Amino acid sequence: MRVMVIGSGGREHALVWKLLQNSKIEKIYCLPGNAGIASIAECVPDISVTDTPRLLNFASAKKIDFTVVGPEAPLSQGVTNAFQAQGLKIFGPTQEAAMLESSKIFAKNFMNRYKIPTAFSEAFDDKNKALDFIKKTGLPIVIKADGLAAGKGVIICQTYQEAETALENMLEKQIFGEAGTLVLIEEFLRGEEVSIFAVSDGVHYQILAPAQDHKAIFDGDQGPNTGGMGAYAPACIVDDELMQQIQTTIIEPTITGMALENRPYRGLLYAGLILTKNGPKVLEYNCRFGDPETQAVLPLLKSDLLELLIAASEGNLQNYQLKKHDLAAVCVIMAAGGYPGKYEKGQTIFGLNRKFDENVYIFHAGTKKVKDKIVTDGGRVLGVTAWASDVADAIKTAYTAVGKIAFNGAYYRKDIGHKALI
Ligand code: AMP
Ligand code: GLY
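Residues numbered from 1 in each chain as written. Chains lettered and ligands numbered in written order. Predicted model: local features only at pLDDT ≥ 70, side-chain atom pairs only at ≥ 80, totals over all residues. Heavy atoms only, no water.

Student: Can you walk me through the nonpolar core in this structure?
Tutor: A general tendency of soluble globular proteins is for nonpolar side chains to be buried together. In this structure, Met4, Ile251 and Leu382 are the most contacted members of the largest nonpolar core, which totals 75 residues. Each residue touching Leu382, except ones within four places of it in the same chain, is listed here: Val332, Ile333, Met334, Ile349, Leu352, Ile362, Phe363, His364, Ala365, Thr367, Ile405 and Phe407. Counting 50 residues, the second largest nonpolar core, distinct from the first, contains Val3, Ile28, Tyr270 and Ile333. (Core = buried A, V, L, I, M, F, W, Y, C linked by side-chain atoms within 4.5 Å. Buried < 20%, exposed > 50% of the residue type's maximum accessible area, 1.4 Å probe, protein only. Contact = heavy atoms within 4.5 Å.)

Okay, here's the thing in structure tokens:
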């Protein structure tokens with residue numbers, strides 16, 4: 001089979017790595033890819049993830065049998081619809097189904113229609129009305145841009161001043177453009193966060209290992225939010241009983257509701273949950289694999305990923321038997337100094353060719369090859385991942401590997417996975 005993966009981050013490196021465990025793959029491309037992916041796949045750096053016409057031309061010209069989409073941007077602009085219209089097979093929801101991520105207001109109304117537990121909220125396009133609402137509701141409060149804002153569209157406000165500034169930035173200065181001309185004001189929820197990945201064929205689904213991301217930049221979940229500084233799986237806080245509750249109160253009504261609304265959800269449904277004292281509630285849906293959770297979840301998957309994704313895209317999950325390894329995995333992100341604020345690119349990365357444990361894999365996120373060197377090319381640079389029989393061992397192995405790699409300004413959290421040890 002000839003396969004292509006769309007995207008360029010650590011998630012896509014993990015997808016390519018796992019897909020390649022299927023011996024039927026004769027050729028795999030990654031568009032655009034990165035320096036790490038280039039060591040296992042053919043990268044096509046000059047095709048952007050949102051250039052649907054060129055993605056289509058490439059898939060036709062190279063006779064691609066199956067495409068897997070990594071990020072949300074191409075899904076929300078309809079890459080799946082375009083591929084399907086030409087008879088090309090692809091894994092990822094249609095534009096209509098991807099609205100669960102691309103419009104937070106759509107997602108919120110949908111959850112309310114199907115009584116899926118989520119934070120109380122209201123939508124506004126006017127700053128003063130929004131502020132009046134916040135005065136009535138009280139603080140802290142969460143303000144969310146309706147559309148896609150590259151992970152920056154959620155502001156947790158502790159004061160009215162912060163709320164006013166956030167509303168001004170989104171509604172008046174339009175710092176997120178169209179994505180922020182409508183905002184959602186949402187009740188602040190307290191609890192542990194977990195990421196649930198369901199592979200859905202539109203009717204049936206299979207659940208991968210639950211994971212916990214570490215969004216804040218500093219140890220102890222302090223400081224500003226990032227794209228994710230590390231992850232571990234399985235999240236032991238989700239026991240069998242809680243997983244059952246999540247499936248019956250959240251995953252099943254979501255898949256059934258989308259089918260009822262003529263937007264059947266075929267793809268990876270990522271439910272970002274918060275475990276409140278009143279039960280699990282949805283913080284957000286994503287229409288794609290999470291990054292960096294995927295780097296920790298896929299090493300635990302025993303089933304063949306290509307077969308699983310093909311079965312989902314063809315509506316064939318009903319009798320599928322998913323198998324998982326009874327292991328734990330930890331992914332520690334090595335980031336550029338300064339991230340998530342300003343940071344430098346182009347720093348040479350040392351140590352990538354050292355000898356690592358066989359249960360370690362270095363997933364590349366923001367890296368680039370310049371002559372014979374691999375240099376940093378983004379905020380999140382590497383996802384150093386290890387798996388072992390328990391999480392404590394996986395943490396130790398991952399950090400030993402981190403210690404072998406260096407670049408100027410390298411920063412990483414020292415407490416990834418520690419939540420699982422308490
Ligand atoms: P989202 O993109 O909606 O997942 O929001 C990004 C992050 O903001 C989440 O991972 C949470 O850490 C935080 N967050 C979002 N909504 C809420 C909420 N209603 N209450 C508390 N924290 C939230
Ligand atoms: N890890 C958070 C995300 O993928 O959105």
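Student: Just checking my understanding: could you explain the site of ligand 2 for this structure?
Tutor: Looking at ligand 2, the residues that line it are Asp213, Gly227, Tyr270, Asn286, Arg288, Gly290, Asp291, Pro292 and Glu293. Contacts to ligand 2 include Asp213, whose side-chain N or O atom sits 2.8 Å from a nitrogen atom. Between ligand 2 and Glu293, the relevant distance is 2.7 Å, taken from a nitrogen atom to a side-chain nitrogen or oxygen of the residue. When isolated, ligand 2 has an accessible area of 200 Å², and the protein chains bury 90% of it. Partitioning the shell around ligand 2 into residue classes produces two nonpolar, three polar and four charged. (Near = heavy atom within 4 Å. Polar contact = N/O pair within 3.5 Å; in protein donor to acceptor, adjacent residues only side chain to side chain. Areas by Shrake-Rupley, 256 points an atom, 1.4 Å probe, with all protein chains shown as cover. Nonpolar A, V, L, I, M, F, W, Y, C, P; charged D, E, K, R; others polar.)

Student: What am I meant to see in the sheet that holds strand E11 (residues 205-207) here?
Tutor: Hydrogen bonds between backbone atoms are what pair the strands of a sheet, whose relative direction is either parallel or antiparallel. Pairing is antiparallel across the open sheet formed by four strands, whose spatial order is E11-E10-E16-E17. For this open sheet the edge positions go to E11 and strand E17 (279-286), each flanked by a neighbour on one side alone. Recorded for the sheet is a direction-independent mean angle of 35 degrees between the axes of neighbouring strands. As paired elements, strand E10 (residues 192-201) and E11 share three bridges and run antiparallel to each other. Considered in E11, the bridge of Val199 is made with Gln206. Each of E10, E11, strand E16 (266-276) and E17 touches helix H9 (residues 240-260); the most contacted strand, E16, lies at about 130 degrees to it. (Pairing = 2+ DSSP bridges. Helix = DSSP H or I, 4+ residues; strand = E, 2+ residues; numbered from the N terminus. Axes fitted to C-alpha atoms, helices over the stretch in contact; angles between N-to-C directions.)

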